[in-house]
Amino acid sequence: MLEEKVEERDIGKVIGKVKVEADDMTGEYYRDASNLFKKGTKYFEIKGIPTSTAIAVEHDGHWVKAVYMGKAPFHPMNILTNKLFIALIVIGMIGAGVYYMKKRK
């Protein structure tokens, strides 16, 4: 995975970063996880290559290509960390609060 170097001129914009490290004991991971790169490592697009195929990561002072190997398995944290899910929960709680306040009057 780390053998193919990418020239700096081919590096595009930041597209994300490692948010969690894969669990070494179970191998479980979700969302922007890595079992190789540390939390906070940024992902970059490679100009001319779809990000669904490969991305670039800075490693040991040079850029390397990280190739898409497969979709991450479903994990409950995919839902619990989703901004839309959190927004819906907050809106639902506000709506329930307004409903009960009106009902009490």
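Criteria and thresholds
- Residues numbered from 1 in each chain as written.
- Predicted model: local features only at pLDDT ≥ 70, side-chain atom pairs only at ≥ 80, totals over all residues.
- Heavy atoms only, no water.
- Helix = DSSP H or I, 4+ residues; strand = E, 2+ residues; numbered from the N terminus.
- Contact = heavy atoms within 4.5 Å.
- Areas by Shrake-Rupley, 256 points an atom, 1.4 Å probe, with all protein chains shown as cover.
- Phe/Tyr/Trp six-rings, centres within 6.5 Å; stacked < 30°, edge-to-face > 60°.
- Buried < 20%, exposed > 50% of the residue type's maximum accessible area, 1.4 Å probe, protein only.
- Pairing = 2+ DSSP bridges.
- Salt bridge = Lys/Arg side-chain N within 4 Å of Asp/Glu carboxyl O.

**What about the overall build of the protein?**
The number of helices and strands found in the protein is two helices and seven strands. Starting at the N terminus and walking to the C terminus, you meet the elements of the protein as β-β-β-β-β-β-β-α-α. Excluding contacts between residues fewer than 6 apart, the proportion of contacts in the protein whose partners are at least 24 apart in sequence is 50%. Carbon together with sulfur atoms contributes 58% to the accessible area of the protein, which is approximately 8300 Å² in total.

**As for the packing of aromatic side chains**
Counted under the stated rule, the structure contains two aromatic pairs. Centroid distance phenylalanine 44 to tryptophan 63: 4.8 Å. Interplanar angle 85°. Geometry classified as edge-to-face. Placement of phenylalanine 44 in strand E5 (residues 42-46) and of tryptophan 63 in strand E7 (residues 62-67) is noted, with a sequence separation of 19 residues between them. We note that phenylalanine 44, like tryptophan 63, is buried. Between tyrosine 99 and tyrosine 100, the aromatic rings sit 5.2 Å apart at their centres with planes inclined by 75°, giving edge-to-face as the arrangement.

**So, the environment of threonine 53**
Position of threonine 53 relative to the elements: it lies in the loop between E5 and strand E6 (54-59). In this structure, the C-alpha to C-alpha distance between threonine 53 and valine 67, residues 14 residues apart in sequence, is 6.1 Å.

**Observations regarding the sheet that holds E5**
Read across the open sheet, the five strands follow the order E1-E7-E6-E5-E2; overall the sheet is antiparallel. The two strands at the open ends of the sheet, each matched to only one other strand, are strand E1 (5-6) and strand E2 (11-17). The pairing of E5 with E6 spans two bridges and is antiparallel. Residue phenylalanine 44 lies in a different strand from E6, and its bridge partner there is alanine 56.

**Considerations on the pairing of E7**
Sheet topology places E1 next to E7; two bridges connect them, and they run antiparallel. Bridging from a neighbouring strand, lysine 5 pairs with valine 64 of E7. Both E6 and E7 contribute to a ladder of six bridges, which runs antiparallel. Within E7, the position partnered with glutamate 58 by the bridge is tryptophan 63. If you look at the hairpin formed by E6 and E7, you'll find two residues sitting between the two strands, and aspartate 60 has a positive phi there, around 55°.

**Topic: the pattern of salt bridges**
If you walk through the whole model with that rule in mind, you get two salt bridges. Taking the shortest distance from any N to any O, the salt bridge between lysine 65 and glutamate 4 comes out at 3.1 Å. Residue lysine 65 is found in strand E7, and its partner glutamate 4 is found in the segment before E1; the two are separated by 61 residues along the sequence. Look at glutamate 4 and you get partly exposed, because its relative accessible area is 44%. Where arginine 9 meets glutamate 7, a salt bridge forms, and the shortest distance between an N and an O atom there is 3.9 Å. On the basis of relative accessibility, which here comes to 46%, the residue glutamate 7 falls in the partly exposed class.

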